[in-house]
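# Remarks on the overall topology
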Amino acid sequence: MIELGVREGIWALVAILTLYLVVILLRLAFQRRGPAEPADIPAAPRTLLAEVPAAEPLAPPAPPEPELPPSLEEDAVSRDLLNELEIQQLRRDVAQLRTESDFLRRELAATRRDVDELRDAQQASRERAEYPRPVSPQHSEAMLLAGRGIEASRIAEHCGISVAEAELVCALARAEEGR
């Protein structure tokens, strides 16, 4: 069995519409050209060449009467009207372009702000990579004592923190000194 999906159906519809458009355009093209022979000239009877008597040459068809040009006044009015319509269209286009330009400027400014914020955040994260001084007074005092080289067990007793915390503070202090 042949299974047709939506995509195939759409393509079939496009093909049918294209074929229809081509037929319509061909009809319009042949209507503009007009008939191959003018309707005024009667068709010659079909006979054999031997039976055809010498005939008088047919007179060429009369040229069509030239169309009268519109008056100068009407021509000037239509040109002024066309110019005015064109000016209005150009004004609308300029207004639309200004609107789009303003939108793009705002988008660019927002993008620049975002890039600046990202740059600041990146710079701040680089600065945060360094060990910040502890905020709590216990740990601040522990950092000072560790900087002086006091043992972790004595720092833990003096500051009221666990020995593990004191060892961590001592390791951080040594790491800062090594920089």
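On a predicted model such as this, the values are computed, not experimentally measured, just so you know. (Residues numbered from 1 in each chain as written. Predicted model: local features only at pLDDT ≥ 70, side-chain atom pairs only at ≥ 80, totals over all residues. Heavy atoms only, no water.)

### Remarks on the state of the cysteines
Where two cysteines share a covalent bond between their sulfur atoms, that bond is called a disulfide. Worth spelling out the cut-off: What counts as a disulfide here is a pair of cysteine sulfur atoms lying within 2.5 Å. Only protein chains enter the accessibility calculation, which uses a 1.4 Å probe; a residue is then buried when its area is under 20% of its type maximum, exposed when over 50%, and partly exposed in between.
For the coordinates displayed, the defined rule picks out 0 disulfides. For C159, which is in no disulfide, the shortest distance to another cysteine sulfur is to C170 and amounts to 9.8 Å. Judged by its relative accessible area of 11%, C170 is buried.

### Examining the environment of L172
Definition in use: Helix numbering and strand numbering both begin at the N terminus, where a helix is a DSSP run of H or I of at least 4 residues and a strand a DSSP run of E of at least 2.
Here L172 is to be found in helix 5 (residues 163–177). Since its relative accessible area comes to 23%, L172 is described here as partly exposed. Taking the C-alpha atoms as reference, L172 lies 8.1 Å from M143; in sequence the two are 29 residues apart.

### Here's the deal with the confidence of the model for the chain
Definition in use: Residue-level confidence of the predictor, termed pLDDT, takes values from 0 up to 100. Pairs of residues are marked as contacts when any of their non-hydrogen atoms sit within 4.5 Å.
Across the chain, pLDDT averages 78, with 70% of residues at or above 70. Within the chain, the lowest mean pLDDT, 84, falls on helix 3 (residues 137–147), and the highest, 92, falls on helix 4 (residues 152–159). Throughout residues 46–52 the model reports pLDDT below 50, and contacts reaching past four residues in sequence, or to other chains, amount to 1 contact.

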